[in-house]
Amino acid sequence: MTRSEILQKITEILSDVLDEPDLKLTEASVSDDVPDWDSINHVKLIIGLENDLKIRFEPEEITGLATVGDLIDLIQKKL
């Protein structure tokens with residue numbers, strides 16, 4: 001999967017979690033940029049990505065993520 005495809009997947013899943021069909025994310029996006037992207041919805045995003053991409057994250061991996069780009073980097077390592 002390319003970085004662009006992973007970004008699209010993250011956007012789709014977070015859009016569903018937040019019920020925000022027009023959500024736009026970039027690699028520089030952070031949770032503070034997106035209304036309602038709180039810790040609970042972050043967990044829902046991570047679970048959605050794990051289920052959809054058939055990967056598993058360790059708790060220490062997801063706590064260190066600062067940007068969507070960091071999440072993309074982590075996903076690329078897992079795929």
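Look up a bit, the structure's there.
Residues numbered from 1 in each chain as written. Predicted model: local features only at pLDDT ≥ 70, side-chain atom pairs only at ≥ 80, totals over all residues. Heavy atoms only, no water.

**Student:** Before we move on, can you summarise the environment of Thr26 with the specific residues and values?
**Tutor:** Structurally, Thr26 can be placed in the loop between helix H1 (3-18) and helix H2 (39-53). It is 8.9 Å that separates the C-alpha atoms of Thr26 and Thr11, two residues lying 15 residues apart in sequence. Excluding its chain neighbours within four sequence positions, the residues that come into contact with Thr26 are Leu7 and Val68. (Helix = DSSP H or I, 4+ residues; strand = E, 2+ residues; numbered from the N terminus. Contact = heavy atoms within 4.5 Å.)

**Student:** Describe unusual backbone geometry, listing the residues and the values that go with them.
**Tutor:** The backbone phi angle of Asp19 is positive, close to 55 degrees, even though this residue is not glycine. Relative to the helices and strands, Asp19 resides in the loop between H1 and H2. Here Lys54, not a glycine, exhibits a phi torsion of approximately 60 degrees, which is positive. Judged by relative accessible area, Lys54 falls into the exposed class, the value being 71%. (Buried < 20%, exposed > 50% of the residue type's maximum accessible area, 1.4 Å probe, protein only.)

**Student:** Tell me about H1, and please be specific about residues and values.
**Tutor:** The first and last C-alpha atoms of H1 sit 22 Å apart over 16 residues, in line with the 22 Å expected at 1.5 Å per residue. The complete set of buried residues in H1 reads Ile6, Leu7, Lys9, Ile10, Thr11, Ile13, Leu14, Ser15 and Leu18. In this structure, the buried side of H1 is in contact with H2 and helix H4 (68-78). (Expected span 1.5 Å × (residues − 1).)

**Student:** Quick one: what's the story with the packing of H1 against H4, residue by residue and with numbers?
**Tutor:** Running from N to C, H1 and H4 point in directions that differ by 115 degrees, and their axes come no closer than 10 Å. Viewed along their axes, H1 and H4 adopt a mutual orientation that is roughly perpendicular. Of the two possible hands of crossing, H1 and H4 adopt the one that is right-handed. The residues of H4 that touch H1, namely those facing Arg3, Ile6, Leu7 and Ile10, are Val68, Gly69, Leu71, Ile72, Asp73, Ile75 and Gln76. (Axes fitted to C-alpha atoms, helices over the stretch in contact; angles between N-to-C directions. Parallel < 35°, antiparallel > 145°, perpendicular 65-115°, else oblique. Left-handed = near helix turned anticlockwise from the far one by under 90°.)

So yeah, pure geometry; function would need other evidence.
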